[in-house]
Amino acid sequence: SWALLQSALAALTVISAILPEATASSDELLSAHRPQSRLSAELASDDECSSSSSSGAPPPAGCALSAVQLRGEIRAGSPKVAAAEQHPGTFMNPILRGSYADPSIIRVGGDYYMVSSSFEYFPGIPIHHSKDLVNWELVGYALHRPEQVQGEVNLMDVQQDGGIQAATIRYNNGKFYVVTTSVYQPPGSENGKCINFIVEADDVRGPWSMPHVLADADGIDSSLFFDDNGSVWYVGAHSPQHPEYPGQGEIYLREVDLGSWTLKGETSILYHGACGGLWVEGPHIYKHDGRYYLMVAEGGTGFHHAVMAAVSDDIRGPYYSNPRNPILTARHLSYDNWVTRVGHADLVELPDGRWYAVALGVRGDVNRSSNMGRESFLVPMTWEREPDEYNPQYLWPVVAPTTAGVERVNPLPFADLAFRYKAGFRDEFQEADLDLEWNFRRLPTQGTFSLTALSGFLRLFAKPDVMSDSERSRCSLLGVRQEESDFTYRARMLFEPNSSCVEAGVMLWQKDDIYLQYTVNRSTGSWVLSLLFTDRKTPLKTLASANLAGYKGEIIFEVNCSRAGYSFGYSLGESEESMGLLEEAPADMLVYMGYTGAYLGIYSSSGGQQPQLGDYADFDWVERISSPRL
């Protein structure tokens, strides 16, 4: 791991050598706000939880989510491992690394807030904060309580790639609003449904309201627009009543009553796209130059993804399409470009009148793709009026006006502040709150884990569930996003279960049915370390295994990934020699397969059997060290 860390720092040193030293400290950039806890649940009594913790039994209902609240501040004495500062004149895309798709952004005073899609993961709808558009801090989630996702908005048994898609954040009269779509297909059914809803909060860090479901809002990719006359408008995407071809999209508009959380008035059809109209979605409306501007995504979220713009004197239309569409894309570039699939953008105006766009894209690190999937990028933009020979001489948004695309290294929006690259994450579980970076696949069942059972450890209780797409598993699994193609992932685990059916360790996954499982078990009577893999073409199989003759209940897992591929190692204690289990596995085993990106996590299961008292794993620390691929 230290070799990769040195490599990461060396890469950053190259950047720093090219560019002058930073002048602003990371503390200055992150000191404006500190996040608060976000996850809550019905609590069992402290006595009940304490009693179960001391006995080693799974806690009663409420304990797993009761003592555990989410938190994201950098802990004193436990830094985010490694960081490097760049020249204050530049920043490096993406600005949100890892699986943060469909970015939506607002400015409130001097603060910027951005939300992302979260799909089947809980907590849902991550919220980031920044003072300078390039250094972002995760400060909470709009869906952070179990009761928010146990009704019409369902993250309990949601299908993979379903769930929360294309959230939009807006601010009006002292209140924050997030509107989004929950896509749910009941088990065994071929028909799904799209639930469009709004949550609101006085503080962006929460608490956020229960979902206000908009019963008459069909389709996907909902957005809100607050007009200066006091009216509020809902804009969404759906299929036309009589589509002319497969994938034809349509943008529609209705007024919203925020008192009754209903749509009212007539439906206005605004737009069918600009360049073929395939999968027109992701709409946002802005008012500028006295006119209404509609911005949409088009072409699907693959290599033809793009951003289109249209303008109207009336919010209900008709909308005149920009003759220079698309205004942002990578469809005209090589499939081997460093970033592709660019689209689904949102705009923000700075206090000085300048504008920027945020958009999703996929880096091309591995096979014209990456494990991280769709990430969030920042692009400069300006407004330009059509030349005199055009009539009626509209003002149009021009995104990336000098480069015509998303660039890796860019001038800073605020030249007096430095960009800080966070190379690492480390959690030593010293607090009563779980770091905000941790996510679960679906809402975890009660009694999944505890941070109070053993001081300084996360106890992960074995459950019968295993990773499974067909079962829509809620297994004992939590993870953090993979942020770079090159990384080291390590975890120290104490593990001596009472039942021979129990296994525990680390897991790297892309989907329910695409993962690498690296665990310890004693199903054969002796301790065995196993590395298993499955994808949609390969049934679960063992890639490598080793008998742990010297195992004494402690192991440190280590996974490295680079251009050469994955390698898997371990040691049987912090003072013990590191050993290799598998030196090389293909780097594309967990490559992006649509919608979401890869996670690195910890896992425990009793393999379909009922666990007994003492069937758990205690994790002392987990760390992820990332290295940017230049």
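For clarity, every value in this text was computed on a predicted model and none was experimentally measured.

Some points on the overall build of the protein chain
Point 1. For the protein chain, the count of helices and strands is four helices and 43 strands.
Point 2. Taking all 630 residues of the protein chain together, 64% fall into the buried category.
Point 3. Across the protein chain, the fraction of contacts at a sequence separation of at least 24, relative to all contacts at a separation of at least 6, is 63%.
Point 4. Surface accessibility of the protein chain: about 23200 Å² in total, with carbon and sulfur atoms responsible for 47%.

Considering unusual backbone geometry
Point 1. Between G206 and P207 the backbone carries a cis peptide bond, its omega angle lying at 5°.
Point 2. Here the amide bond leading from G317 into P318 is cis, since omega sits at 5°, within 30 degrees of zero.
Point 3. Along the polypeptide, P318 turns up in the loop between strand 19 (306-312) and strand 20 (320-321).
Point 4. Although it is not a glycine, R368 sits at a positive phi angle of roughly 60°.
Point 5. Inspection of the secondary structure assignment puts R368 in the loop between strand 23 (355-363) and strand 24 (374-385).
Point 6. For R368, a relative accessible area of 38% gives the class partly exposed.

A short note on the pairing of strand 35 (residues 503-511)
Consecutive side chains of a regular strand alternate in pointing toward one face of the sheet and then the other.
Point 1. Most of strand 35 sits inside the fold, with nine of its nine residues counted as buried.
Point 2. Remark: two residues form the turn of the hairpin made by strand 35 and strand 36 (residues 514-521), two consecutive strands paired antiparallel.
Point 3. Judged from the seven bridges that link them, strand 35 and strand 42 (residues 599-605) form a sheet pairing that is antiparallel. Its bridge partner lying in strand 42, A504 is registered against S604.

Some thoughts on the nonpolar core
Nonpolar side chains in soluble globular proteins tend to be buried together.
Point 1. In terms of nonpolar packing, the biggest core is built from 51 residues, with Y518, V520, I555, Y566 and I602 touching the most fellow members.
Point 2. Residues contacting I602, with those up to four places away along its chain left out, are W438, L458, L460, S476, L477, L478, Y489, G505, V506, F619 and V622.

Here's the deal with the sheet that holds strand 8 (residues 137-143)
Point 1. Spatially, 4-5-7-8 is the arrangement adopted by the four strands of the open sheet, whose pairing is antiparallel. Unpaired on one side and paired on the other, strand 4 (104-108) and strand 8 mark the two borders of the sheet. Here the average twist between neighbouring strands, direction ignored, is 25°.

Points about the sheet that holds strand 15 (residues 250-257)
Point 1. Strand order in the open sheet formed by four strands is 13-14-15-16, and the pairing between neighbours is antiparallel. Every interior strand has two partners, whereas the edge strands, strand 13 (220-226) and strand 16 (262-271), have only one. Going across the sheet, the axis of each strand differs from the next one's by a mean of 25°, ignoring polarity.
Point 2. Sheet topology places strand 14 (residues 232-238) next to strand 15; six bridges connect them, and they run antiparallel. Note on strand 15: the bridge partner recorded for Y234 is R254.

Let's talk about the environment of E120
Point 1. Summarising the element assignment, E120 is placed in the loop between strand 5 (111-115) and strand 6 (121-122).
Point 2. Residue classification places E120 among the buried residues on the basis of a relative accessible area of 0%.
Point 3. Considering only alpha carbons, one finds E120 and R472, 352 residues apart in sequence, at a separation of 9.9 Å.
Point 4. For E120, the residues in contact, after removing those within four places along its chain, are L155, V158, Q159, Q160, D161, G162, G163, F440, R441, R442 and T596.
Point 5. Here R441 takes part through its side chain, which lies 2.8 Å from a polar atom of the side chain of E120.

Digging into the pairing of strand 16
Point 1. Across six bridges, strand 15 lies against strand 16 in antiparallel orientation. Paired with Y252 across the strands is I269, a residue of strand 16.
Point 2. The antiparallel pairing of strand 15 with strand 16 creates a hairpin that spans four residues between the two strands, and W261 there sits at a positive phi of about 55°.

Description of the confidence of the model for the protein chain
Point 1. Considering every residue of the protein chain, the mean pLDDT works out to 87; 86% of them sit at 70 or more.
Point 2. Ignoring residues within four places in sequence, the model shows residues 1-86, a span with pLDDT below 50, making 198 contacts including any to other chains.

Some words on the pattern of salt bridges
Point 1. Counted under the stated rule, the structure contains 33 salt bridges.
Point 2. Close ionic contact of D228 with K287 constitutes a salt bridge, the shortest N to O distance being 3.1 Å. One end of the pair, D228, is in the loop between strand 13 and strand 14; the other, K287, is in strand 17 (residues 281-288), with 59 residues separating them in the sequence.
Point 3. By relative accessible area, which is 63% here, D228 ends up exposed.
Point 4. Between R492 and D620 there is a salt bridge; the shortest N-O distance is 2.6 Å. Linking R492 in strand 34 (residues 486-494) with D620 in strand 43 (residues 616-627), this pair joins segments that are 128 residues apart in sequence. In this pair, the class of R492 matches that of D620, namely buried.

Describing the packing of aromatic side chains
Point 1. Taken as a whole and judged by the stated rule, the model has 26 aromatic pairs.
Point 2. Centroid distance W509 to Y599: 5.5 Å. Interplanar angle 10°. Geometry classified as stacked. Taken together, the positions of W509 in strand 35 and Y599 in strand 42 put the pair 90 residues apart, joining distant regions of the chain. Grouping residues by exposure puts W509 and Y599 together as buried.
Point 3. Within the aromatic cluster, the residues linked to one another by ring pairs are Y293, Y320, W355, W383, Y394 and W396.
Point 4. The positively charged end of R341 is found above the aromatic ring belonging to F303, 4.2 Å away from the centroid.

Side note on the side chain of Q248
Point 1. With respect to the helices, strands and loops of the structure, Q248 is situated in the loop between strand 14 and strand 15.
Point 2. Exposure remark for Q248: the relative accessible area of 9% places this residue in the buried category.
Point 3. A polar contact of 2.7 Å, which involves the side chain of Q248, links it to the backbone nitrogen of E244.
Point 4. Dropping the residues within four chain positions of it, Q248 is found in contact with S239, P240, P243, H272 and G277.

Parameters at a glance
Residues numbered from 1 in each chain as written. Predicted model: local features only at pLDDT ≥ 70, side-chain atom pairs only at ≥ 80, totals over all residues. Heavy atoms only, no water. Helix = DSSP H or I, 4+ residues; strand = E, 2+ residues; numbered from the N terminus. Buried < 20%, exposed > 50% of the residue type's maximum accessible area, 1.4 Å probe, protein only. Contact = heavy atoms within 4.5 Å. Areas by Shrake-Rupley, 256 points an atom, 1.4 Å probe, with all protein chains shown as cover. Pairing = 2+ DSSP bridges. Core = buried A, V, L, I, M, F, W, Y, C linked by side-chain atoms within 4.5 Å. Axes fitted to C-alpha atoms, helices over the stretch in contact; angles between N-to-C directions. Polar contact = N/O pair within 3.5 Å; in protein donor to acceptor, adjacent residues only side chain to side chain. pLDDT = per-residue confidence, 0-100. Salt bridge = Lys/Arg side-chain N within 4 Å of Asp/Glu carboxyl O. Phe/Tyr/Trp six-rings, centres within 6.5 Å; stacked < 30°, edge-to-face > 60°. Lys NZ or Arg CZ within 6 Å of the ring centre and 35° of its normal.

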